[in-house]
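Overview (structure and organization)
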Amino acid sequence: DVQAKELGLKNGDTVSIRKGGIRAGILANVFVRVSDKFELRVHLDTDEANALAIKNGEEVELMW
């Protein structure tokens, strides 16, 4: 995937996701999945999203 290559990421890598604001925090060891069929997105389960009050479509910072 072009986006992954531009970021220096490959399938199986891990990254961290940082969210600012009132319920700021970092989710570590988030697995990267790369495919020509995927767009650059983060998919979180409900518990992860609720822990940091992340809403659908909200931007977060990618850290690696």
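For the structure itself, consult the block above.
If you're wondering where the values come from, they're calculated on a predicted model, not measured in any experiment. (Residues numbered from 1 in each chain as written. Predicted model: local features only at pLDDT ≥ 70, side-chain atom pairs only at ≥ 80, totals over all residues. Heavy atoms only, no water.)

1. A word on the sheet that holds strand β1 (residues 14-19)
Operational definition: DSSP calls a pair of strands paired once it identifies at least 2 bridges connecting them. For helices the rule is a DSSP run of H or I covering at least 4 residues; for strands it is a run of E covering at least 2, with both sets numbered from the N terminus onward. Angles here are taken between N-to-C directions and fall from 0 to 180 degrees, while the axes themselves are lines fitted to C-alpha atoms, restricted in helices to the stretch in contact.
An order of β2-β1-β3 is seen for the three strands of this open sheet, with the pairing classed as antiparallel. Since the sheet does not close on itself, it has two edges, and those belong to β2 (25-31) and β3 (61-63), each with one partner. Within this sheet the neighbouring strands show an average axis-to-axis angle of 30°, counted without direction. Sheet topology note: the β1/β3 ladder contains three bridges and is antiparallel. Bridging across to β3, S16 finds its partner in M63.

2. A word on the environment of R18
Stated formally: Throughout, exposure labels follow a simple rule: accessible area from a 1.4 Å probe, protein chains only, divided by the maximum for the residue type, with under 20% read as buried, over 50% as exposed, and the rest as partly exposed. Throughout, a residue-residue contact means that at least one pair of heavy atoms, one from each residue, lies within 4.5 Å.
If you trace the backbone, R18 turns up in strand β1. The class for R18 is partly exposed, based on a relative accessible area of 35%. In this structure R18 touches G25, I26, V60, E61 and M63, once residues within four positions along its chain are discounted.

3. Re the side chain of K19
Rules: Residues adjacent in sequence count toward polar contacts only when both atoms are side-chain atoms; beyond that, a polar contact is any pair of N or O atoms within 3.5 Å, and within protein one must be able to donate a hydrogen and the other to accept it.
Within the secondary structure layout, K19 lies in strand β1. A distance of 3.2 Å separates the side chain of K19 from the backbone oxygen of L52, its partner in a polar contact. Among all residues touching K19, those that are not within four sequence positions of it are A24, G25, L52, A53, I54, E58 and V60.

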